[in-house]
Amino acid sequence: MEGNLQNLFLGFSTVFTATNLFYSLIGCLIGTMVGVLPGVGPLAGISMLLPTTFGLNPASAIILLAGIYYGAMYGGSTTSILMRIPGEAASVMTCIDGYAMAQKGRAGPALAIAAIGSYIAGTLSVVGLMFLAPPLARFALGFGPPEYFCLLLCGMVVLGYMTGGSVVKNLSMIVLGLLFGMIGIDQMTGYFRFSYGIVALGDGIGIVPVAVGLFGISEILATAGQTKRPVVIKPRFRDLFPSREELRDSVGPIGRGTVMGFLIGIIPGSAHIISTFVSYALERRISKHPERFGKGAIEGVAGPESANNAASEGALVPMLALGVPTGPIPAVLLAALMVHGINPGPLFIKEQPVIFWGLIASMYVGNLVLLLLNLPLVSIFVNFLRVPYKVLYPTILMFCVVGVYAVNSSLVDVGIMSIMGLLGYVLRKMDFETAPMVLGVVLAPIIEVSFRQALAMSNGEYSIFVQRPISAVFLVGALAMILLALKPLIMKKKDWRERLTEAEKSN
Amino acid sequence: MTIDRVSGTFFILLGLFVIWERRVLPLGTTGNPGPGYFPLLLAILLILLGGLLVIHGGHAIALRSVKWPEARTAMAILGCCIFATLGMETIGYRVTMVLILGFLFGILERLKIWQVLALTLSLALGSFWLFDTFLKVPLPRGGFGF
Amino acid sequence: MKKTKANLLLVIAACLGMIGLFLATAGADEPYPTRPIQVFVPFPPGGVADLVARPFAAALEKNLKQPVVVVNKTGAGGAVGMQAAAVAKPDGYTLMVALSSISVMPEVDALFGRPSTYKLKDFAPIALLTADPTILVIRKEAPWKTVADFVADAKKRPNEIKYASSGVYGTMHVATEMFAHAAGIKLRHIPTAGGGPALTALLGGHVETIAGGPNVSIPHIKAGTLRVLAGWGNKRLASLPDVPTLMELGYKDVEFYIWSGFFAPAATPAAAIRVLREGARVAAASPEFKSAMEKMDTPIQYMDAPDFQKFWDQDAERLIKAVRNIGKVQ
């Protein structure tokens, strides 16, 4: 503890220099902007600025890039809440209840709670990062393919509770998403699946075009031509602040979202978006009024937003403690350090205390800066809703197109976005909830590959899933949850979900 | 003909299509699943779910009652997206955006001509500057070099 | 009043005249390059190709006096970017930095009976930039002390020792199979999504070895969590002088480099290529590029176009043979 405090002091002294404060601020600003722009996400922002960091000293470089990374998680919720367009892929879940709140005139509180939740999650995660990095990282390394598969299986079962409506319809959305996720090169054998000669489909259809298309474009398609525009209640100044009730309701989701997001984030290879889905599903499951979800429940914003901020910082744990990248963004951060001749490895924290503790301190500062930045901006952003829709939607359309294109300089992505937009439009008319499909697209490659890798490791023996302790635990958990869900069927009592659907219908 | 029956049928057809398409992919064994294994599993699952939808779909809303008032506008907007997909690299980002925005503001939304010009030019050129110059993401310049 | 108007007209005419003259002469001279140059990198930012390409582009920019912009065109293990470069206009303004996997992909396409996305002949090599051999990395708890131990153990339990790779037919896969074929052993292959996940799998103990890139493995070797048994180069690595090469140990023709090279579409005019070759030579020798590569523990192995073409042909032959030996993975 002593040593940690001393080091923290060292870190703060590194951060509170004019240059590093400046870079932290710039990083947060660019991160917020990149998060707000649909399609363009933190990866694009970091890649863009990577060359400029070559000339800086390593501490400043990593402070700048990390600022972009978690700053984007703050900005991503803005367009999700105001326009139902995910600012970046992990913000998809915020679109559902956030936008519903905006339509009720509660956009201000939604934005505010998103910012507050992100701040608390971000700061608590830094504490976790600070104290627990090495042991957590070692634990995370123990996650191999079998553990991964069982974990995701568990997650999928939890997600069965994710949205209301017919179980069959939700399941078919997940399966449809999983099928779309199968497009591309099969990682295990090199076969091209369903790509029809278009090389760009070799990597599969990306999550960004799918998320922006299914949510953003379909929203535009559905609303633009309506003669009776949905009346958006213009918020008054008083309405910009969350009510006491809303704040109280958010405490639990923020706490749970933080813990869950952080734990999911440290696992190498997990996508942040998974933490938001799980948080949403969890909040819905334990809520006393699950029928509010989907119609503007503040828990549906507080939980996922905290989760994705916590996950983004959790992802830094293995990278900093062991030099192991958990995903593409930490990989770029690693590269940024390598370019300066610093090789993150197990000795990184010991050998480069200036950089490590400087980064930790900058994250405390950065999160605070972002909170102070985003809260006043709430009133400005909310005024976007005042712009007449007929001017707004072509602008949004343009940003969606250029944002999706910018991710990979690929027009194929724009095409996928358009097709997904059409699909989302038709599905909404047919009364399907599109969020599970996004999850399917994200999970499909990971689940399948983990399963086949696990079997490759055991040479075909299925027992590997129960032989290893962590995966056995998850497997048992998944089975337990499935049984719990099936219990009412066996007991012939009405499932809480059926009661719920009936309650919704009678409303 | 309810919406559930329609979507159920669609899923069944899609499942069959996937099964047909995956015949080139080896299945492997249960101990060593090949690339065709999971798609087959998912396709079967989709067909089952589609079947359930069709069977129980009787009490859903009738297809006829689903209103599509915004369909024409939606198709026009979709057309713009497809136009961007096909043409942006050939004629350049700025020209494409000017055309699309001009179409949306001017023809679909019938704004005044000076509003159309102001919005179109400022958005197209502004976003180009934001991405290409400021964020250094190269946007296509098209055959005219513009 | 008339005089000022006349004066104004005169000034405008003079300006126009000067502009015209300027344009005419500029057009007449037309030394290459006159516009910004794009360098496609078929791999994501932060990867090996990207980290070599960016300092190189910066150094090249100084020499050619035109902006040299790196464009990441990722997808399909590099195939998307390579195809884009192959079909780009061969006017010298679209170039590419690619890795040794360029030689492998058309062969894999042929193996699966699908039309190849590009052919090796579509590219004119300009310069070789780096050539890191892979190294055989194991965990510190592993029982083997030398390659001989490893091979003996593998012969005793065929298909039991697991190794991870960055993907099917990727660099780590081909390198390991090349060695396994020469040593007559059978190892179990666990493909992962990339170099990072493969290293993670080794660190977590889920596999027993990988054929890793030196620059990402060395920090762990120095920290003691990993050990290295041998290298795939034709000489020992400067950063690991005690590590023997597989060729030294008797495995002939087992050479594998994760090299990065600078290419142009084959039909690029010869004048442009000459300028690029010279520019690459100067850039590769520049202090900024040298220090950037040193910081990343990636030694520069510069070769000019004719030598590079020979190196590429030989390397491609080896890789194609290895891929054919692997055949279709079931």
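Above this text you will find the structure in question.
Notes on the structure in this doc start here. Here the structure is a predicted model, which is why all the values come from computation and not from measurement.

Criteria and cut-off values
- Residues numbered from 1 in each chain as written.
- Chains lettered and ligands numbered in written order.
- Predicted model: local features only at pLDDT ≥ 70, side-chain atom pairs only at ≥ 80, totals over all residues.
- Contact = placed C-beta atoms within 7 Å.
- Helix = DSSP H or I, 4+ residues; strand = E, 2+ residues; numbered from the N terminus.
- Nonpolar A, V, L, I, M, F, W, Y, C, P; charged D, E, K, R; others polar.
- Pairing = 2+ DSSP bridges.
- Axes fitted to C-alpha atoms, helices over the stretch in contact; angles between N-to-C directions.
- Core = buried A, V, L, I, M, F, W, Y, C linked by C-beta atoms within 7 Å.
- Buried ≥ 20, exposed ≤ 12 C-beta atoms within 10 Å, placed from the backbone.

1. Details of the interface of chain A and chain B
Then, number 1: Each partner contributes to the interface: chain A provides 47 residues, whereas chain B provides 48 residues.
Then, number 2: Only helix 8 (167-181), helix 9 (207-224), helix 17 (389-408), helix 18 (411-429) and helix 19 (435-458) of chain A provide two or more residues apiece to the side of chain A that touches chain B.
Then, number 3: Here the element with the most residues in the side of chain A that touches chain B is helix 17 of chain A; it accounts for 10 residues.
Then, number 4: Considering only residue class, the side of chain A that touches chain B consists of 29 nonpolar, 11 polar and 7 charged.

2. Section: the sheet that holds strand 1 (residues 37-41) of chain C
Residue and element names in this part refer to chain C.
Then, number 1: Read from one edge to the other, the open sheet built from 6 strands follows the order 2-1-3-10-4-11, with strand pairing classed as mixed. Since the sheet does not close on itself, it has two edges, and those belong to strand 2 (68-72) and strand 11 (300-304), each with one partner. Strand-to-strand twist of the sheet, defined as the mean angle between neighbouring strand axes without regard to direction, takes the value 20°.
Then, number 2: The pairing of strand 1 with strand 3 (residues 94-99) spans 3 bridges and is classified as parallel. Bridge pairing in strand 3 links Val 39 to Leu 95.

3. Details of the nonpolar core
Then, number 1: Counting residues in each nonpolar core, the largest one holds 320 residues, and the members touching the most others are Ile62(A), Leu65(A) and Val39(C).
Then, number 2: No other element matches the 18 residues that helix 6 (residues 107-141) of chain A contributes to this core.
Then, number 3: Setting aside chain neighbours within four positions, we find Ile62(A) in contact with Leu333(A), Ala336(A), Leu337(A), Ile355(A) and Leu359(A).

4. What about the sheet that holds strand 6 (residues 162-165) of chain C?
All names here are of chain C.
Then, number 1: Strand order across the open sheet formed by 5 strands is 7-6-8-5-9, with mixed pairing between neighbours. With partners counted over all chains shown, the strands left at the sheet margins are strand 7 (188-191) and strand 9 (226-231), one partner each. In this sheet, neighbouring strand axes are inclined to one another by 30° on average, regardless of whether the strands run parallel or antiparallel.
Then, number 2: In the sheet, strand 5 (residues 135-139) pairs with strand 9 via 5 bridges, with the strands oriented antiparallel. In the strand pairing of strand 9, Leu 136 is matched with Ala 230.
Then, number 3: Contacts from helix 8 (residues 214-223) reach strand 5, strand 8 (209-212) and strand 9 within the one sheet, and its direction differs from that of strand 9 by about 135°.

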